[in-house]
Amino acid sequence: MSPSPVVFDVEAYFQEFADSSAMQEASRFKTVPTGNYQAQVTKREGRYFELKVGKSGEYWSPVFSDSTEVNLNWRKGVNLSADLFNGSDKKVSSVRIEASWEAKRDARNGKLDRLFTRWEQITRALYPNLKAEERAAKSTGDVLTALSQYPVKVYITETFKVPAIDGSNKWITPATEEETKQYREAGYEVRNFVVNISKA
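Residues numbered from 1 in each chain as written. Predicted model: local features only at pLDDT ≥ 70, side-chain atom pairs only at ≥ 80, totals over all residues. Heavy atoms only, no water.

## Thoughts on the packing of aromatic side chains
Part 1 of the reasoning: According to the stated counting rule, one finds 6 aromatic pairs in the structure shown.
Part 2 of the reasoning: The interplanar angle of 80° and the centroid separation of 5.4 Å between the aromatic rings of Trp171 and Phe193 together place this pair among those described as edge-to-face. Remark: Phe193 occurs in strand S7 (residues 190-199) and Trp171 occurs in strand S6 (residues 169-172); sequence separation between them is 22 residues.
Part 3 of the reasoning: Among the residues examined, Trp171 registers a relative accessible area of 34% and is labelled partly exposed.
Part 4 of the reasoning: Judged by its relative accessible area of 31%, Phe193 falls in the partly exposed class.
Part 5 of the reasoning: Put simply, the rings of Phe160, Tyr183 and Tyr188 pair up and form one aromatic cluster. (Phe/Tyr/Trp six-rings, centres within 6.5 Å; stacked < 30°, edge-to-face > 60°. Helix = DSSP H or I, 4+ residues; strand = E, 2+ residues; numbered from the N terminus. Buried < 20%, exposed > 50% of the residue type's maximum accessible area, 1.4 Å probe, protein only.)

In structure tokens:
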């Protein structure tokens, strides 16, 4: 005769609570170490971006609104979800990639901004043998369809939100494993950021 499970009346524990710090730890998004990974896009979603002003200047941020009315100043782009692989068929994590085919410049330095350069990197990764003007002739549909069919290589940083002396926070990518360990032990918020996309 096999043993029976030991049960109890769960209602007797209706006033218990889970540990707050443990809940925060468990809910953290799984990050991967800084490095190169193969990425396969699994989902795409059209997104509008709006120009906002932060401490370090203007930046384009995804639009969140209860209204369905489109503002003419909004910028069209895409939010991509991709699975990450590290030299094997086993998925190690996932990452979000935002990009826009509408060219805008960074007000601080006049250079083409991150959303557009990300789009250029995607097209270069998918069509490495084409010149820039030939890649520009590829429609948004061409690019996004190819991106759902073929993997690309992404360089990702594991970056920590570290408090500064003045009370602000800075996103810092550790230079050594020891630094990474210190930031992790300190409990700093950590995220993966896509720095570059290239041919797989």
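## Remarks on a nonpolar patch on the surface
Part 1 of the reasoning: On the surface, a nonpolar cluster with roughly 470 Å² of combined accessible area is contributed by Phe8, Val10, Tyr13 and Phe14.
Part 2 of the reasoning: On the secondary structure map, Tyr13 appears in the segment before helix H1 (20-27). (Patch = residues over 30% accessible without salt bridge, like charges linked within 9 Å, V, L, I, M, F, W, Y side chains within 5 Å. Areas by Shrake-Rupley, 256 points an atom, 1.4 Å probe, with all protein chains shown as cover. Salt bridge = Lys/Arg side-chain N within 4 Å of Asp/Glu carboxyl O.)

## Some details on the pattern of salt bridges
Part 1 of the reasoning: This model, assessed by the stated rule, comprises 12 salt bridges.
Part 2 of the reasoning: With its nearest N and O atoms 3.0 Å apart, the salt bridge here joins Arg96 to Glu98.
Part 3 of the reasoning: Exposure remark for Arg96: the relative accessible area of 53% places this residue in the exposed category.
Part 4 of the reasoning: Relative accessible area serves as the criterion here: at 11%, Glu98 is assigned to the buried category.
Part 5 of the reasoning: Across the pair Arg108 and Asp106 runs a salt bridge whose closest N-O atoms are separated by 3.0 Å.
Part 6 of the reasoning: Arg108 gets classed as exposed once you look at its relative accessible area, which sits at 53%.

It is worth stressing that arrangement in space is one thing and function is another; only the former is reported here.
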